[in-house]
Amino acid sequence: MFILTKIADLVQIIPEDFGKDPAQAIEDNINTKYANKVIQKIGLCICLYDLLSASEGLIGHGSGVVNVNVEFRLVVFRPFKHEVMTGRISSATTTGIRIRTPFFDDIFVPASKLPEGSRFEVSEGLYVWETEGQSLFFDTQETVRFRIEDEVWHDQIPIGPRDKEDAGVVKSSPYQLIATMEDAGLGPCLWWDGDDGEGDEMES
Amino acid sequence: MKILEAQSATLTNYEVYQHLTEQKRRYSGTKGRRPGNLETVVKELLDYFHEAPSPLASKPFPYHDGVFKALLERLRPWDFTKAEILMIMNLRPTKPENLNTIVEEMEERFPGDELQWEIVSAIAEVLGKPDGEAERQAMSDEAKEARKEQADRRDDVDMDG
C-alpha cells in the first residue's frame, strides 16, 4: 500500500522559524508542502520518511529567507495493481459502490465488478448478492475487502472564468482507485471471516 | 520539486505504523505545533490501522522487529511473489478463502485443501491468529456507530432544511 518516493526540492525557511532546530524546520516545511496531498502519477503523500541531504543555507536577497536544497524520501500511499485492501462502504448507486478509508475516500467498485447475481435494491439503496438461494447484503459502512484494478488521475487545472459560469463543471478528485469485489473472498469481511461453521456455507 | 525516483522502496503497513508512532513520540518532546495537514493525515491513517480487521489492531500485537525475516523464512518452501508476501504481511490471511484473494491462480499453484491449510497455519505460526469473535464484534460495532453518525448527520440536514 505504501511506497517511498525520492524527491529533490528547495526548502525556504522564513526568519520566524530560525528559533527551531534546523532539521525540524526543514521537516515541518516539507510536511506543510506535501502531507495529505496528491502528486500526479505518484500517489497520496503521507509524510517525510527521512532527509537524505541538505545543502548550506543561502540567504535570499532582500527577504531574509534561508534557501536550502534538500533531498528526501516521502511515505506515499499508492496501492499497486491487484493489491488487496480493506475499507468501508460509504454509499451505493446504480453505477456501483463507493468505498472509503479514514484517510482516502475515492475508491469505486463499478456494478459490473460485483459478484455475478448482484443487483441494486433501489428501495434500500444498497446492493444484494443472490447466491444459492441466499440474499447477502452490501450494507453501508460494512467493512469490505477489495482488489485494486485501476487508477485514474485528474490533473487539477484551474477553472477559467468562462467555465466557472457553467454550473455543469464537476470537480473531479485528483486520484481515484477502481476496485473489484468479484472473486471469492472479496466483499464484506463478515461473509468470509466467520467461524468454520458459517464460513463453510459460502464455499462452492 | 523534482522526482528523483518515483518508487525507491515498498513499505509494509507495520513499517509505516512504526514510523508514525516513532514520529509522534519524537514530536511530543519538542515544542511548537506541527503542520495541520500532517496532523490530519497521521491521525486518519492511525485510525485506519486501529480498525478491525487490521492485524495492527489485534491483541496480542502480531508484529515485532524480526517478524518479516521470520515470515520469509517460514514461507520459503512455497514460491510466493514479492507482492504476495507483502500482502500476507499486511493482511494476515488465516483461512484458505482469504489466501485465495491474495494469491493468483491459487488452485493451480497450491492445489488441495491440505496444502492450503498448511500454508495458512504457517502464517498463523509467525503472525498469530485473530480473535475471530472479537474481531467480528468490533467490525459490526464500528459499522453500527458509523451508520448512526451518518443518520445523525442526515437528521441535522433535514432540520436545517
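All of these numbers come straight from a predicted model, not from anything done at the bench. (Residues numbered from 1 in each chain as written. Chains lettered and ligands numbered in written order. Predicted model: local features only at pLDDT ≥ 70, side-chain atom pairs only at ≥ 80, totals over all residues. Heavy atoms only, no water.)

Caption draft 1: A look at the side chain of Asn67 of chain A. Residues and elements named next belong to chain A. Mapped onto the elements of the fold, Asn67 is located in strand β5 (residues 66–77). Looking at Asn67, the relative accessible area reads 17%, which means it is buried. A polar contact of 2.8 Å, which involves the side chain of Asn67, links it to the side chain of Gln12. The residues touching Asn67, leaving out its near neighbours within four places in the chain, are Leu10, Val11, Gln12, Glu56, Gly57, Leu58, Ile59 and Gly60. (Helix = DSSP H or I, 4+ residues; strand = E, 2+ residues; numbered from the N terminus. Buried < 20%, exposed > 50% of the residue type's maximum accessible area, 1.4 Å probe, protein only. Polar contact = N/O pair within 3.5 Å; in protein donor to acceptor, adjacent residues only side chain to side chain. Contact = heavy atoms within 4.5 Å.)

Caption draft 2: Spotlight on the domain arrangement of chain B. As assigned here, chain B comprises domain 1 (67–127) and domain 2 (132–161). The gap between the C-alpha centroids of domain 1 of chain B and domain 2 of chain B is 34 Å. (Domains from an automatic or database assignment.)

Caption draft 3: Region of the structure containing the domain arrangement of chain A. Residue and element names in this part refer to chain A. Segmentation of chain A into domains returns domain 1 (2–77) and domain 2 (84–199). A straight line from the C-alpha centre of domain 1 to that of domain 2 covers 35 Å. Between domain 1 and domain 2, the residue contacts involve nine residues of the former and nine residues of the latter. Summed over the three residues of domain 1 that lose the most area to domain 2, namely Val38, Gln40 and Phe77, the buried surface amounts to 64% of that side. Counting across the domain 1 and domain 2 interface gives zero salt bridges. Looking at the side of domain 1 that touches domain 2, the elements with two or more residues in it are β2 (38–39) and β3 (43–54). Split into classes, the residues belonging to the side of domain 1 that touches domain 2 amount to six nonpolar, two polar and one charged. (Buried area = accessible area lost by both parts, 1.4 Å probe. Salt bridge = Lys/Arg side-chain N within 4 Å of Asp/Glu carboxyl O. Nonpolar A, V, L, I, M, F, W, Y, C, P; charged D, E, K, R; others polar.)

Caption draft 4: The arrangement of the packing of aromatic side chains in detail. One pass over the full model with this rule turns up 19 aromatic pairs over all chains. Through pairs of rings, three or more aromatic residues link up here, namely Phe2, Phe77, Phe103, Phe104, Trp153 and Tyr175 of chain A together with Tyr14, Tyr17, Tyr48, Phe49, Phe61 and Tyr63 of chain B. In this structure, Arg34 of chain B packs its charged tip against the face of Tyr27 of chain B, placed 5.0 Å from the ring centre. (Phe/Tyr/Trp six-rings, centres within 6.5 Å; stacked < 30°, edge-to-face > 60°. Lys NZ or Arg CZ within 6 Å of the ring centre and 35° of its normal.)

Caption draft 5: Broad picture of the pairing of strand β6 (residues 84–93) of chain A. Residues and elements named next belong to chain A. The buried count for β6 comes to eight of 10 residues, which makes it a mostly enclosed element. As defined by bridge partners, β6 adjoins strand β12 (residues 143–153) across five bridges and the pair is classed as antiparallel. Among the inter-strand pairings, Val84 is bridged to a residue of β12, identified as Arg147. Pairing between β6 and strand β7 (residues 96–100): five bridges, direction antiparallel. Considered in β7, the bridge of Ser91 is made with Arg98. Following β6, the chain reverses through two residues before pairing antiparallel with β7. (Pairing = 2+ DSSP bridges.)

Caption draft 6: Here's a closer look at the pattern of salt bridges. On inspection of all chains with the given rule, the structure shows 21 salt bridges over all chains. The salt bridge partner of Lys20 of chain A is Asp17 of chain A, with a shortest N-O separation of 3.8 Å. Of the charged contacts, one joins Arg34 of chain B and Asp28 of chain A as a salt bridge, the two residues approaching to 2.9 Å between their closest N and O atoms. On the criterion of chain membership, the pair formed by Arg34 of chain B in the loop between α1 (13–28) and α2 (36–49) and Asp28 of chain A in helix α1 (residues 22–34) is interchain, its members lying in two chains.

Caption draft 7: Spotlight on the environment of Glu16 of chain A. All names here are of chain A. Position of Glu16 among the secondary structure elements: in the loop between β1 (2–13) and α1. Exposure remark for Glu16: the relative accessible area of 64% places this residue in the exposed category. Through-space distance from the C-alpha of Glu16 to that of Val65 is 9.5 Å; in sequence the pair is 49 residues apart.

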